[in-house]
Amino acid sequence: MIKVVKFGGSSLASAGQFAKVGEIIRGDKNRKYVVPSAPGKRNSKDTKVTDMLYECYEKAEAEQDFKPQLRKIKERFNNIINGLNMKLSLDEEFKIIASNFSEKAGRDYAASRGEYLNGIIMSKYLGYEFIDAAEVIRFDKNGEFDGETTNKILSERLKKSETAVIPGFYGAKEDGTVVTFSRGGSDITGSIVAKACRADMYENWTDVSGCLVADPRIVDNPKPIKVITYRELRELAYMGASVLHEDAVFPVRKAGIPINIRNTNAPEDEGTLIVESTCQPSKYTITGVAGKKGFVAVNVEKDMMNTEIGFGRKVLEAFEVNGISFEHMPSGIDTMTIFVHQEEFAGKEQQVLSAIHRLAEPDVIDLEGDLALIAVVGRGMKSTRGTAGRIFSALSHANVNVKMIDQGSSELNIIIGVTNNDFETAIKAIYDIFVETQL
Ligand code: ASP
């Protein structure tokens, strides 16, 4: 059995955290490939090493003195090394980094050094081999991740190494230029490594015990989600409930490898298992509820709209030509409503309205802002009667006015529109009816 384990920045922020990670890895001999992030925040006021590197490199690029900042970064790593009583010097590495900074080796190169150095420390600490991600994670000439080539190179390389540390977040083009993924990208590296070695499990260790049924900032002590499918996770993540980089699911999803989100600070917790498909019912009918504020509803009315072929296309064209993507589009006989992000829409409002008038010649257009969308997600809804009934009676008891309802044909989610002001009340009411009362 092979497990790939990825540890996030907070799990590796200090020597104390490193020691916990060491214990976790040594606790299961199947944990053969380790993907570390750069050291993260040790407390809420701290700065992530990745951010320190970006800042330091900005100075180098502006030809200012970047050395004091680089010394601070070195200190963070030395604190870890000394705290673990290790005999390891990063002096040579920092000399090379300083000279590459002076030569302006690039912002991505700079940011990647956090993972690179943490990987070196981790490999020495565990006695695992170090594999530089620049040699095995490949980006193409345009800086796009090249999954196919990577999989070939990496799977060959891993066959030669029984246990190894592969730093997260970066890779390189064929010519050696370092390229990073977007922020939080070590999650993606972990997934790529899991696919390449055909792992049985991809464990993603972080500082929470997995996904929760609702946002803990809205609901007190929400229950954890034990099992969630990739599709459910995507729905919830889209609505802002994210524990994982969005792109991290693709490599393992294709290979059918489950992801287990675990908590480094509470390793006894089972965490959340993310799977392709499961016949395990979710405990509460719904798997999770999440939402986002800040939408505008653009209501378009036209008599006999239902008979006018192409009307919808013309209305949507007005958004397309202005570069605005729409979220939902519930419609009636003579009305259709387009939900868009308020921020994206605000600056182009009048252009869009005049484009709708020009292209579709409606009778009336009416705007309503400050709306929120809530997604109630659950594979269990398909086979349970009365889910919608329970949601709406809970909302009416909580005095929440429902502005919009949209149920996808997959019956995986029900999207509800409410005012921004009702957002928290609505989430609490939905959580309560399914989890607390469990009728
Ligand atoms: N260190 C990088 C970041 O802060 C990547 C990661 O941690 O996944 O975004």
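Residues numbered from 1 in each chain as written. Predicted model: local features only at pLDDT ≥ 70, side-chain atom pairs only at ≥ 80, totals over all residues. Heavy atoms only, no water.

1. What to know about the pairing of strand S9 (residues 259–263)
Looking down a regular strand, the side chains alternate between one sheet face and the other. Burial of S9 is extensive: five of the five residues sit out of reach of the surface. Of the two faces of S9, both are covered, the one formed by Ile 259, Ile 261 and Asn 263 as well as the one formed by Asn 260 and Arg 262. Two strands pair when backbone bridges link them, and strand S7 (residues 201–206) and S9 are joined in this way by five bridges, in the parallel orientation. Along S9, the bridge assignment pairs Asn 204 with Ile 261. Note that S9 and strand S10 (residues 272–275) share three bridges and pair antiparallel. Paired with Ile 261 across the strands is Thr 272, a residue of S10. (Buried < 20%, exposed > 50% of the residue type's maximum accessible area, 1.4 Å probe, protein only. Helix = DSSP H or I, 4+ residues; strand = E, 2+ residues; numbered from the N terminus. Pairing = 2+ DSSP bridges.)

2. Regarding the packing of aromatic side chains
Where two aromatic rings form a pair, the distance of their centres and the angle of their planes describe that pair. As enumerated under the stated definition, the model contains 10 aromatic pairs in all. With a centroid separation of 6.4 Å and an interplanar angle of 75°, the aromatic rings of Phe 101 and Tyr 109 are classed as edge-to-face. Comparing Phe 101 with Tyr 109, the two get one shared label, buried. Ring geometry for Tyr 116 and Phe 130: centres 5.7 Å apart, planes at 80°, overall edge-to-face. Here Phe 130 lies in strand S3 (residues 129–130) and Tyr 116 lies in helix H5 (residues 107–126), a separation of 14 residues in the sequence. (Phe/Tyr/Trp six-rings, centres within 6.5 Å; stacked < 30°, edge-to-face > 60°.)

3. Considering the side chain of Asp 187
Among the secondary structure elements, Asp 187 is positioned in helix H8 (residues 186–196). A relative accessible area of 7% places Asp 187 in the buried class. Among the polar contacts listed, one links the side chain of Asp 187 to the backbone nitrogen of His 245, at a separation of 2.8 Å. Asp 187 has contacts with Lys 6, Tyr 202, Asn 204, Val 243, Leu 244, His 245 and Ala 248, leaving out every residue within four places of it along the chain. (Polar contact = N/O pair within 3.5 Å; in protein donor to acceptor, adjacent residues only side chain to side chain. Contact = heavy atoms within 4.5 Å.)

4. Description of helix H2 (residues 49–61)
Over its 13 residues, H2 runs 18 Å from end to end, which matches the ideal 18 Å to within 8%, given 1.5 Å per residue. Among the residues of H2, those classed as buried are Val 49, Thr 50, Met 52, Leu 53, Tyr 54, Cys 56, Tyr 57 and Ala 60. Each element contacted by the buried residues of H2 is listed here: helix H3 (67–83), helix H4 (91–102) and H5. The first or second residue beyond H2 is Glu 63, which carries a positive phi of 55°. (Expected span 1.5 Å × (residues − 1).)

5. A short note on the sheet that holds S9
Hydrogen bonds along the backbone pair up the strands of a sheet, which may run parallel or antiparallel. Strand order across the open sheet formed by eight strands is S3-S4-S2-S1-S7-S9-S10-S8, with mixed pairing between neighbours. At either margin of the open sheet sits one strand with a lone partner, and together these are S3 and strand S8 (227–229).

6. A short note on the packing of H4 against H5
In contact at an axis separation of 12 Å, H4 and H5 are set at 175° when each is read in the N-to-C sense. Between H4 and H5, the angle is such that the two are roughly antiparallel. From H4, Glu 93, Phe 94, Ile 96, Ile 97, Asn 100 and Phe 101 reach across to H5, where they touch Tyr 109, Ala 110, Arg 113, Tyr 116, Leu 117 and Ile 120. Within the contact of H4 with H5, the residues separate by chemical class into nine nonpolar, one polar and two charged. (Axes fitted to C-alpha atoms, helices over the stretch in contact; angles between N-to-C directions. Parallel < 35°, antiparallel > 145°, perpendicular 65-115°, else oblique. Nonpolar A, V, L, I, M, F, W, Y, C, P; charged D, E, K, R; others polar.)

7. Observations concerning a negative patch on the surface
A surface patch of like charges, here negative, comprises Glu 301, Asp 303, Asp 363 and Asp 366. Position of Glu 301 relative to the elements: it lies in strand S11 (residues 288–301). (Patch = residues over 30% accessible without salt bridge, like charges linked within 9 Å, V, L, I, M, F, W, Y side chains within 5 Å. Areas by Shrake-Rupley, 256 points an atom, 1.4 Å probe, with all protein chains shown as cover. Salt bridge = Lys/Arg side-chain N within 4 Å of Asp/Glu carboxyl O. Lys, Arg positive; Asp, Glu negative; His and termini not counted. Charge placed at Lys NZ, Arg CZ, Asp CG, Glu CD.)

8. Observations concerning the site of the ligand
Around the ligand, the neighbouring residues are Ser 37, Lys 48, Thr 50, Glu 115, Phe 169, Arg 183, Gly 184, Gly 185 and Ser 186. One of the backbone nitrogen or oxygen atoms of Gly 185 is found 3.4 Å away from an oxygen atom of the ligand. In isolation the ligand has 260 Å² of accessible area, and contact with the protein removes 93% of it. Taken together, the residues that form the shell around the ligand break down as one nonpolar, five polar and three charged. (Near = heavy atom within 4 Å.)

9. A word on the sheet that holds strand S14 (residues 364–377)
With antiparallel pairing, six strands are arranged side by side in an open sheet as S12-S13-S11-S14-S16-S15. The outermost strands of the open sheet, each flanked by one partner alone, are strand S12 (326–328) and strand S15 (404–407). For this sheet, the mean inter-axis angle between neighbouring strands, taken without regard to orientation, is 40°. Summarising the sheet, S12 and strand S13 (residues 335–341) pair through two bridges and their orientation is antiparallel. Bridge pairing in S13 places His 328 opposite Phe 339. Packing of helix H14 (residues 387–397) onto the sheet brings it into contact with S14, S15 and strand S16 (413–419), and relative to S16 it is tilted by some 15°.

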